Amino acid sequence: MQRILVTGGCGFIGSNFVRHMISGDPGLSIVNVDKLTYAGNPENLQDIESDARYTFRHGDIGDRVFIDGVLGEGPVDAVVNFAAESHVDRSILDSGPFVQTNIVGTQVLMDACRKHQVPRYVQVSTDEVYGSLGDEGAFTEETPLAPNSPYSASKAAADLLVRGYHHTFGFPAVITRCSNNYGPYQFPEKLLPLFISNLLENKPVPVYGKGENVRDWIHVMDHCRGIEAALRNGQLGAVYNFGGRSEMRNIDLTRLLLKLLDRPESLIRYVQDRPGHDLRYAIDCTRAERELGWKPQVTFESGLRETIAWYVQHTEWVARIKSGEYTRYYDQQYGDRLSQS
Ligand code: NAD
Ligand code: TYD
């Protein structure tokens, strides 16, 4: 592969992926299309901005004319679609942007890829499309889709469109579905960066419900290696699950963070639960291991320590984010919850 187009490359996973690919493959150029929503931060790729193999295009994947123009600038060997509205709590506050970007944006992007005969397309999806598990079992690629939040419903709708395009037009797509990522450059609205950054400031951490919900944590670099494997070697039309085999209850994770940061239990606030809160996610990633030769390499313990160290070293990055639109969101999402806890 010589030239690929990545969307959403200024976000958390996209920026880690762009850096991983640029540093790992000297023959590769990357065009990054990003709308720079609240979650898109060009600072995340500051270190590679001046690399001649990297080009940034500011725009919306749902803008037909813009996407057509970018793909018309020269052939690409593949498109990897990270661009999305990605936070469940925001989708509960307003699902509009989720439908627009995650569903309509995917459709517009695929139409442009068809027009320009892009030979490969990777749709970066999530395990949340499978819904929620009880105490036992894990999602396989055959688990029926049963999304429970506006966010996961919009991602599932996009996955179904990708499937429909593959079946009807032979559209050359691969879908990846990954569990909860953590690592550097994650926007501090998601559990881990929110709790780490609050604890570093000695602020309380809002645990939804009783903290009994379970997530299967994977380091973002393991996810990026998985997407690269699917991009290079995935079978067209296939779905690949990625997960870290690191399940943990939110309350146990919160206590672990308190321990690692040497903060008191009194900073835990049990707040009103998220409506429709999925109880448990767990991923069976045997297909990716068997067919792509991929496996998670970062243990949760070492990855978590390294992530905490990154946030300790990047307090200014966090402070710049928390000083903007974030304050309004935080008040809307947590104001009443924290005052009632
Ligand atoms: P993020 O919110 O950190 O970043 C999203 C990026 O997309 C931002 O840079 C934003 O500016 C950009 N964007 C949003 N709307 C756009 C549009 N209309 N046009 C162009 N760019 C737009 O998200 P993330 O956590 O990095 O997630 C990336 C992808 O991975 C998403 O598709 C998400 O559903 C999926 N995913 C995330 C996780 C996770 O744990 N974070 C797990 C599995 C899958
Ligand atoms: P999150 O990081 O939002 O990811 P997702 O909902 O996509 O899994 O949340 C991870 C878990 O942490 C989830 O069970 C909800 C819970 N959570 C809290 O308890 N408090 C919070 O403030 C947030 C953001 C999440």
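Description of the structure in this document. Please read these numbers as outputs of a predicted model, since none were measured by experiment.

The next subject is the site of ligand 1. Around ligand 1 lies a shell of 28 residues, among which I13, D34, S86, Y151 and K155 are the nearest. F12 is positioned with one of its backbone polar atoms (N or O) 3.0 Å from an oxygen atom of ligand 1. I13 is positioned with one of its backbone polar atoms (N or O) 2.8 Å from an oxygen atom of ligand 1. Alone, ligand 1 offers 840 Å² of accessible surface; in the complex the protein occludes 97% of this. Per element, the largest residue contribution to the shell around ligand 1 is three residues, and it comes from strand β5 (residues 121-126). The residue inventory of the shell around ligand 1, partitioned by class, reads twelve nonpolar, twelve polar and four charged.

Another point: the sheet that holds strand β2 (residues 29-34). Strand pairing in a sheet relies on backbone hydrogen bonds, with the paired strands running either antiparallel or parallel. A sheet is described by the order of its strands in space; here seven strands give the open sequence β3-β2-β1-β4-β5-β6-β11, paired in parallel fashion. Each of the sheet's edge strands pairs with one partner strand only, and the pair in question is β3 (54-58) and β11 (239-242). Adjacent strand axes in the sheet meet at a mean angle of 20° when their direction is disregarded. Sheet topology places β2 next to β3; five bridges connect them, and they run parallel. Bridge pairing in β3 places N32 opposite F56. Where helix α2 (residues 64-72) meets the sheet, its contacts fall on β1 (3-7), β2, β3 and β4 (78-81), and the angle it forms with β2 comes to roughly 170°.

In the structure shown here, the tally under the stated rule is 24 salt bridges. Residue R64 pairs with D111 through a salt bridge whose shortest N-O separation is 3.3 Å. Of this pair, R64 sits in helix α2 while D111 sits in helix α4 (residues 96-115), and the two are 47 residues apart along the sequence. Salt-bridge contacts for D68 lead to K115; the nearest nitrogen and oxygen are separated by 3.0 Å. One end of the pair, D68, is in helix α2; the other, K115, is in helix α4, and 47 residues separate them in sequence. Residue class for D68 comes out partly exposed when judged on its relative accessible area of 25%. For K115, a relative accessible area of 57% puts it in the exposed group. Three or more residues joined by partner-sharing salt bridges are found here, namely R90, E189, K190 and E325.

Enumeration according to the criterion identifies 20 aromatic pairs in this entry. Centroid distance W217 to F300: 6.4 Å. Interplanar angle 10°. Geometry classified as stacked. On the criterion of sequence distance, the pair formed by W217 in the loop between β9 (214-216) and β10 (218-219) and F300 in helix α10 (residues 300-313) is long-range, its members being 83 residues apart. Feature note: the residues Y38, F187, Y208, Y326, Y330 and Y334 constitute an aromatic cluster, connected by ring pairs. R90 extends its terminal NZ or CZ atom over the ring of Y38, reaching a point 3.6 Å from the ring centre. The residue whose ring lies beneath R215 is Y281, and the NZ or CZ to ring-centre distance is 3.9 Å.

What counts and how
- Residues numbered from 1 in each chain as written.
- Chains lettered and ligands numbered in written order.
- Predicted model: local features only at pLDDT ≥ 70, side-chain atom pairs only at ≥ 80, totals over all residues.
- Heavy atoms only, no water.
- Near = heavy atom within 4 Å.
- Polar contact = N/O pair within 3.5 Å; in protein donor to acceptor, adjacent residues only side chain to side chain.
- Areas by Shrake-Rupley, 256 points an atom, 1.4 Å probe, with all protein chains shown as cover.
- Helix = DSSP H or I, 4+ residues; strand = E, 2+ residues; numbered from the N terminus.
- Nonpolar A, V, L, I, M, F, W, Y, C, P; charged D, E, K, R; others polar.
- Pairing = 2+ DSSP bridges.
- Axes fitted to C-alpha atoms, helices over the stretch in contact; angles between N-to-C directions.
- Contact = heavy atoms within 4.5 Å.
- Salt bridge = Lys/Arg side-chain N within 4 Å of Asp/Glu carboxyl O.
- Buried < 20%, exposed > 50% of the residue type's maximum accessible area, 1.4 Å probe, protein only.
- Phe/Tyr/Trp six-rings, centres within 6.5 Å; stacked < 30°, edge-to-face > 60°.
- Lys NZ or Arg CZ within 6 Å of the ring centre and 35° of its normal.

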